[in-house]
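Geometric and topological summary
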Amino acid sequence: MFHSYAAIGDSFTEGIGDDLPNGSVRGWADFVALGLAAAAREPIGYANLANRGRKLGPIIDEQLEAAIALRPEVISFNGGGNDMLRPRMPEVRVAERFREAVHRIRGAGIHVLMLSGANPTDHLPLGRVFDARGVRLTAALDDLAELDGVTFVDNFNDRGLRDIRYWSPDKLHLNSLGHARVASNVLTALGVDVPDEWGVAEVAAAPAGTRSRSTAAYYREFVLPWIGRRLTGRSSGDGRTAKRPTLEPLAPDAAR
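This text gives an overview of the structure that appears in the document. (Residues numbered from 1 in each chain as written. Predicted model: local features only at pLDDT ≥ 70, side-chain atom pairs only at ≥ 80, totals over all residues. Heavy atoms only, no water.)

Here the focus is the sheet that holds strand β2 (residues 44-48). A sheet is described by the order of its strands in space; here six strands give the open sequence β5-β4-β3-β1-β2-β6, paired in mixed fashion. Of all strands in the sheet, those bounded by a partner on one side alone are β5 (150-154) and β6 (244-250). For this sheet, the mean angle separating the axes of adjacent strands, direction not counted, is 15 degrees. As defined by bridge partners, strand β3 (residues 74-77) adjoins strand β4 (residues 111-116) across four bridges and the pair is classed as parallel. Of the residues in β4, the one forming a bridge with F77 is M114. Its contacts with the sheet place helix α2 (residues 28-40) against β1 (4-8), β2, β3, β4 and β6, and it is angled at close to 175 degrees to β2. (Pairing = 2+ DSSP bridges. Helix = DSSP H or I, 4+ residues; strand = E, 2+ residues; numbered from the N terminus. Axes fitted to C-alpha atoms, helices over the stretch in contact; angles between N-to-C directions. Contact = heavy atoms within 4.5 Å.)

Spelled out as structure tokens, the structure:
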């Protein structure tokens, strides 16, 4: 049972796609923290240092040591998704840095919750290219799952999670249902009950959605702005700070 938890990563961990009425985002890491608090039946400390748009290098350089300094009992670590979407991906170097980060967390005596990201490639232009990169990166890091003090949650190979029902209109980020399913995968791996009121099992049992098509409107609204940021060296996370930079208490009744 963990009573303190810190999350690092990119938009996947920040919670992009799971938008709340007040303009903030929630996401799977928030759900996991809620599940841990519900299981503990007392408040836990929760921090989320993730920032959208970050490649693996900046995640490690900007977030890793800050998370370790909080001294949580568990740190969730995911990254590499934005590296996969670049024209060229230094796969060996990305795998090496990921491996180094896992060992750094373990070396600090903190449990590592290692996640692969959800796989959006069924619905993206050039999806086969990105899928192949994700397969290779996941396989290259598979041995880390056997280490003591590491829990690996393989969302990339969760076939059901590829269903369009779990994805936002941009087809790159999960929606609230998708984030809840990832949280369910994580809590199950940790041996923690998934609250029934989240409806994860009910949604998973529903008929699958139809495969989406990329229309001209989709390219105008989502693809072209993304290309524009790449050409100008900008990131969607520029100027943003962590939504929960310290271990703040989270009450168990918040899980409802």
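This part is about α2. For α2, spanning 13 residues, the distance from its first C-alpha to its last is 18 Å, which sits close to the expected 18 Å at 1.5 Å a residue. Counting buried positions along α2 yields eleven of 13 residues, so the element is predominantly enclosed. Among the residues trailing α2, R41 stands out with phi positive, at a value near 60 degrees. (Expected span 1.5 Å × (residues − 1). Buried < 20%, exposed > 50% of the residue type's maximum accessible area, 1.4 Å probe, protein only.)

On to the nonpolar core, then. If you look at the biggest cluster of nonpolar residues, it comprises 33 residues, and the most contacted ones within it are Y5, W28, V32, L115, L174, V182 and V186. Among the elements of the structure, β1, α2, β2, β4 and α7 (176-189) are those that each provide at least two residues to this core. Top contributing element to this core by residue count: α2, with nine residues. Contacts of W28, omitting those with residues within four sequence positions, involve Y5, F12, T13, S76, L115, H179, V182, A183 and V186. (Core = buried A, V, L, I, M, F, W, Y, C linked by side-chain atoms within 4.5 Å.)

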